[in-house]
Amino acid sequence: YTKKLGFSIYRIDRENKVAALKLGDGLLMVKEEKGLGQKGLGFFFRFVVKDLDKYYEKIKKAGTKTLGPPEARSWGAKRFYAVDPDGFKIQFIPR
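One structure accompanies this document, and this report is about it.

The phi angle at Lys 17 is positive, at roughly 55 degrees, despite the residue not being glycine. The residue Lys 17 is located in the loop between strand S1 (8-13) and strand S2 (18-23) in this model. A relative accessible area of 45% means that Lys 17 is categorised as partly exposed.

So this is what it looks like as structure tokens:
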């Protein structure tokens, strides 16, 4: 998240294996857990970024896996998805 998506570390709790990561005004809490089976089906995170196209190019250069470039939907909204190492989809939309 920090190296490829540009999040900053807000807080780390090593004892409980929890980290709080920040992107703009968004805060993402992640926790190491084992034995949960398949994760991420039917679920995604959404973050708002200032310049969607510029952000997409930045994370692609960092080696982030995406599900395609930013695209406009039929109703006019623009978005793209990245995939984290655990298979969770992350949707990015413009401010």
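What follows is about a nonpolar patch on the surface. A surface patch of nonpolar side chains, amounting to about 330 Å² of accessible area, comprises Tyr 10, Leu 27 and Met 29. Examined against the element boundaries, Met 29 turns out to sit in strand S3 (residues 26-31).

Along the polypeptide, Thr 64 turns up in the loop between helix H2 (52-61) and strand S5 (65-66). Within the structure, the side chain of Thr 64 is placed 2.9 Å from the backbone oxygen of Lys 4, a separation counted as a polar contact. When neighbours within four sequence positions are excluded, Thr 64 is seen to be in contact with Lys 4, Leu 5, Ile 59 and Ala 82.

Basis of the calculations
- Residues numbered from 1 in each chain as written.
- Predicted model: local features only at pLDDT ≥ 70, side-chain atom pairs only at ≥ 80, totals over all residues.
- Heavy atoms only, no water.
- Helix = DSSP H or I, 4+ residues; strand = E, 2+ residues; numbered from the N terminus.
- Buried < 20%, exposed > 50% of the residue type's maximum accessible area, 1.4 Å probe, protein only.
- Patch = residues over 30% accessible without salt bridge, like charges linked within 9 Å, V, L, I, M, F, W, Y side chains within 5 Å.
- Areas by Shrake-Rupley, 256 points an atom, 1.4 Å probe, with all protein chains shown as cover.
- Salt bridge = Lys/Arg side-chain N within 4 Å of Asp/Glu carboxyl O.
- Polar contact = N/O pair within 3.5 Å; in protein donor to acceptor, adjacent residues only side chain to side chain.
- Contact = heavy atoms within 4.5 Å.

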